[in-house]
Amino acid sequence: MAAADASSPDDRPENAKSGGRAASRNFIQQIIDADRAAGKNGGRVHTRFPPEPNGYLHIGHAKSICLNFGLANEYGGKFNLRFDDTNPVKEEQEYVDAIIDDVHWLGGEWDDRLFHASDYFEQLYDWAVQLIKAGKAYVCDLNAEEMRAHRGTLTEPGKNSPHRDRSVKENLELLEQMRAGKFPDGSRTLRAKIDMASPNLNMRDPVMYRIKHAHHQRTGDAWCIYPSYDYTHGQSDSIEGITHSICTLEFENHRPLYDWFCRELGIHHPQQIEFARLNLTYTVMSKRKLLELVRDKHVAGWDDPRMPTIRGLRRRGYTAESIRAFCERIGVAKFNSTIDMGWLEDAVREDLNERAPRAMAVLRPLKVVLTNLKAGETRTVEAPNHPQKPELGVRKVPLTREIYIEQDDFMEDAPKKFFRLKPGGDVRLRGAGIITCDEVVKDAAGAVTELHCTFDDDHSRKVKGTIHWVSAEHALSTEVRLYDRLFNVPNPDDASEGKTFLDHLNPDSIEVVADAKLEPSLANAEPGSRYQFERVGYFYADPLDSQPGRPVLNRTVTLRDSWAKAAGTA
RNA sequence: UGGGGUGUGGUGUAAUUGGCAACACGACGGAUUCUGAUUCCGUUAUUCAAGGUUCAAGUCCUUGCACCCCAGCCA
């Protein structure tokens, strides 16, 4: 979604697939196209991303950010970042800072348009006064419980509040006193006077202001009454000149209210458009559940690499490009779908396959002695950093008499389709030569402890398998963390059979390999850099836990493994 | 049993708005390969149901069905 991704006039036609047909447009683009064709807003497009700073951003927010920012970019419009900070008891500066950082990391750019709903508190108050004067709002003395009793139900209309017909003068005075802190929390509210019999419960005289003697992270103690979401959101959009206010499906029922406030106030009226939020398999996305995972220490924190949070994905090694590509690929619609986690994983594989330099690392070492090599002799082989990109250069890898290979790459009783090492068999050591397994050494318990092999540097021979390896003498021993999906069922939210999402936590979602054996060149791996460990997966040098000369690596994702699939071990 | 939405392959999104159901991912089969990776080629649908209108229906009409959202002084 960066400017470089936006279609230049030249690549538009290439975009068109199947015989010059224009690339398909999602329903929001179609609405905007129509608006522009009709000259609405003077053809202007201005979107925003409006998070509440009460938690960390997750992959579902990324969909919204990419959508909103992408649309602004595509139409040459603007994009605002605005915090919906109307509830001081739930919001914290820590979240504000993290959200700003994450949106920026994802590629969102808002220039000087970083706003807060709290910037508009005074204006909102003035508008409330205006609505009271117009007979469209009133102060209600009902407490929460009484208000619920008056609201009615889904099938029965509500009853008017006994305070609904107060005089304008009295309402004005009461609102002023509310603001002045004359009343305790919850004792009074300011309500819009709409229709207690509306089939849409949001229209049954919704609350505009509630009393909360709470310290706000931005406005401090200036206010003890705070505007509700419904009374704030549309007007904030309006003030900022937003043209298309894009939100998720659950706000569809609020649109009549959004429209009502803009209309009654006679202010710029943005168009609210709702789309389906992202659901992903094998994870949870609700703030409450994410918070619970962190609070009860089921994960190490908001940035735990297993979390679907932006911070977790970052720590896992995901690139912003791959997340954007993912958001692009899943599309935008109103159908409440669930995307397979595999799509996200494919998106990083695709990106990292292009950019990650290759290296060799042995996770579960099995010692191999190359009996025809002299002890103390070090040969050097040159290995390409990327098989398809010679321009990425080569690196030197030491080869000695004793090396480590992966335990999985040797099998005593191998099935015919096993292309790796077996007794008496040949296998290619990636980049070095071919070895033949002459002898299998076992301990008293019968477990294989080492292999004796002959090395042959004839590169021309054809052998079926190639395996990775590391010189035992030169190996860099370090910690590698193998992450897997946090939950072991596609839909952890499924609460049937009396289970909760916590019952579906995957006990194997993290495996720490304390001393994996990496090729020595990796000692220089910069924290935050990414590699493909050939035949194993993509890894990210943890920016927090890595030490100079000793990187700690997080597995971002495995490589596709058709052997594991065939062998039923995937 | 009120109101608001949504139903197209295994998954997700399209369909020039009534004109040959397309694209992507996966899966499966094959080719290439010093990564069982990558790459390449092929296969992969009675459009929720039943009626109706029409030369022609995913699209229009009728009647159903399923699923999601709403009874916070949360957003």
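One structure accompanies this document, and this report is about it.

**Brief notes about the overall build of chain A**
Here's step 1: Each helix and strand in chain A was counted, giving 14 helices and 25 strands.
Here's step 2: Principal-axis analysis of the C-alpha atoms gives chain A an extent of 100 × 55 × 45 Å.
Here's step 3: Here chain A holds 570 residues, and the buried ones make up 51% of them.
Here's step 4: Sequence-distant contacts, at least 24 apart, represent 71% of the contacts inside chain A between residues at least 6 apart.
Here's step 5: Split by element, the accessible area of chain A, about 26,200 Å² in all, is 48% carbon and sulfur.
Here's step 6: Positive and negative side-chain charges of chain A, numbering 77 and 87 respectively, have mean locations separated by a distance of 3 Å.

**What to know about the nonpolar core**
Here's step 1: Counting 37 residues, the largest nonpolar core has Ile59, Val103, Leu278, Leu280, Ile323, Phe326 and Leu344 as its most contacted members.
Here's step 2: Counting only elements with at least two residues in this core, the list comes to helix 3 (59-74), strand 2 (78-83), helix 4 (93-106), helix 11 (310-316), helix 12 (320-330) and helix 13 (341-355).
Here's step 3: If one sorts the elements of this core by residue count, helix 3 sits on top with six residues.
Here's step 4: Filtering out sequence-adjacent residues up to four positions away, Phe326 remains in contact with Ile59, Leu278, Leu280, Ile339, Trp343, Leu344 and Ala347.

**Topic: the pairing of strand 5 (residues 189-192)**
Here's step 1: Neither face of strand 5 is open: one carries Thr189 and Arg191, the other Leu190 and Ala192, and all of them are buried.
Here's step 2: One ladder, built from three bridges, connects strand 5 with strand 6 (residues 207-211); its direction is antiparallel. Opposite Leu190, over in strand 6, you have Tyr209 as the bridge partner.

**A word on the protein's contact with RNA strand B**
Here's step 1: As a matter of local geometry, RNA strand B sits amid 67 residues, with Arg358, Arg430, His459, Arg560 and Lys565 nearest to it.
Here's step 2: Per the 4 Å cut-off to the protein, sugar and phosphate atoms form 62% of the nearby atoms of RNA strand B.
Here's step 3: Here a sugar or linking oxygen of RNA strand B and a side-chain polar atom of Arg428 are 3.2 Å apart.
Here's step 4: Going through the elements one at a time, helix 2 (27-37), helix 6 (144-151), strand 6, helix 12, helix 13 and helix 14 (562-567) are the ones with two or more residues in the surface near RNA strand B.
Here's step 5: Residues belonging to the surface near RNA strand B are distributed by class as follows: 20 nonpolar, 23 polar and 24 charged.

**Things to note about the packing of helix 8 (residues 229-240) against helix 9 (residues 255-265)**
In helix packing, the relevant descriptors are the interaxial angle and the interaxial distance, both defined with respect to the helix axes.
Here's step 1: Their axes nearest at 9 Å, the elements helix 8 and helix 9 cross at an angle of 60°. Helix 8 and helix 9 meet at a crossing whose hand is right-handed. Residue-level contacts link Asp230, Tyr231, His233, Gly234, Gln235 and Asp237 of helix 8 to Leu257, Tyr258, Phe261, Cys262 and Leu265 of helix 9.
Here's step 2: Along the lines of polarity and charge, the residues of the contact of helix 8 with helix 9 split into six nonpolar, three polar and two charged.

**A closer look at the pairing of strand 1 (residues 46-49)**
Walk down a regular strand and you will see the side chains alternate between the two sheet faces.
Here's step 1: Here strand 1 shows two buried faces, one formed by His46 and Arg48 and the other by Thr47 and Phe49.
Here's step 2: Bridge analysis of strand 1 against strand 2 gives four bridges, and the strand direction is parallel. Opposite Phe49, over in strand 2, you have Leu81 as the bridge partner.

Thresholds applied
Residues numbered from 1 in each chain as written. Chains lettered and ligands numbered in written order. Predicted model: local features only at pLDDT ≥ 70, side-chain atom pairs only at ≥ 80, totals over all residues. Heavy atoms only, no water. Helix = DSSP H or I, 4+ residues; strand = E, 2+ residues; numbered from the N terminus. Buried < 20%, exposed > 50% of the residue type's maximum accessible area, 1.4 Å probe, protein only. Contact = heavy atoms within 4.5 Å. Areas by Shrake-Rupley, 256 points an atom, 1.4 Å probe, with all protein chains shown as cover. Lys, Arg positive; Asp, Glu negative; His and termini not counted. Charge placed at Lys NZ, Arg CZ, Asp CG, Glu CD. Core = buried A, V, L, I, M, F, W, Y, C linked by side-chain atoms within 4.5 Å. Pairing = 2+ DSSP bridges. Near = heavy atom within 4 Å. Polar contact = N/O pair within 3.5 Å; in protein donor to acceptor, adjacent residues only side chain to side chain. Nonpolar A, V, L, I, M, F, W, Y, C, P; charged D, E, K, R; others polar. Axes fitted to C-alpha atoms, helices over the stretch in contact; angles between N-to-C directions. Left-handed = near helix turned anticlockwise from the far one by under 90°.

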